[in-house]
Amino acid sequence: MEPGITGKKTITVTEALTAKALGSGELPVFATPAMIALMEETAWRSVAPKLSEGEGTVGTRMEVSHVSATPVGMEVTCETKLIGTDRKRLTFEVKAYDASGLIGEGTHERFVIENGRFMDRAEGKRA
């Protein structure tokens, strides 16, 4: 997989995506965990078409700053760019914006995995 693959997704901030609803704070503004989930989804969806059948990706690292609050009702757009690959490790630049500008940015790391083997190992923890 070559660097340069981009992704983009826009959502509207709802009450369910607020810090108050998710337990990450007391205020009804776009929650940091919701922003991170949006960044992860945008990243994995951007590379999914390049994977072989039975492969997927899992997030392993996220380093982001959430620099501006977004109220309920505003749209948030996430943009990702694959900036590095090292065998099965994928590194993305991630950014999120609302109508007023940048609200979050950082880097995100994912690994390409074989879905069946990964789930077998996860389920093996039950034993």
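Residues numbered from 1 in each chain as written. Predicted model: local features only at pLDDT ≥ 70, side-chain atom pairs only at ≥ 80, totals over all residues. Heavy atoms only, no water.

Chemist: If you had to explain the sheet that holds strand 2 (residues 55-66) to someone new, which residues and values would you point to?
Modeler: What the 5 strands build is an open sheet, ordered 1-3-4-5-2; its pairing is antiparallel. The two strands at the open ends of the sheet, each matched to only one other strand, are strand 1 (6-12) and strand 2. Taken over all neighbouring pairs, the strand axes of this sheet differ in orientation by 25° on average, direction set aside. Examined bridge by bridge, strand 2 and strand 5 (residues 101-114) share 11 bridges and lie antiparallel to one another. Counted as the bridge partner of R61 is E109 from strand 5. Along the sheet, helix 2 (residues 32-47) contacts strand 1, strand 2, strand 3 (75-86), strand 4 (89-98) and strand 5; its crossing angle with strand 2, the most-contacted strand, is approximately 140°. (Pairing = 2+ DSSP bridges. Helix = DSSP H or I, 4+ residues; strand = E, 2+ residues; numbered from the N terminus. Axes fitted to C-alpha atoms, helices over the stretch in contact; angles between N-to-C directions. Contact = heavy atoms within 4.5 Å.)

Chemist: Before we move on, can you summarise the pattern of salt bridges with the specific residues and values?
Modeler: Under the defined criterion, the tally for this structure stands at 8 salt bridges. In this structure, the salt-bridge partner of R89 is E109, at a minimum N-O distance of 3.7 Å. With R89 in strand 4 and E109 in strand 5, this residue pair connects regions lying 20 residues apart in the sequence. Linking R126 and E123 is a salt bridge whose minimum nitrogen-to-oxygen distance equals 2.5 Å. Salt bridges sharing common partners tie together D86, R87, R89 and E109. (Salt bridge = Lys/Arg side-chain N within 4 Å of Asp/Glu carboxyl O.)

In short, geometric facts, not functional conclusions.
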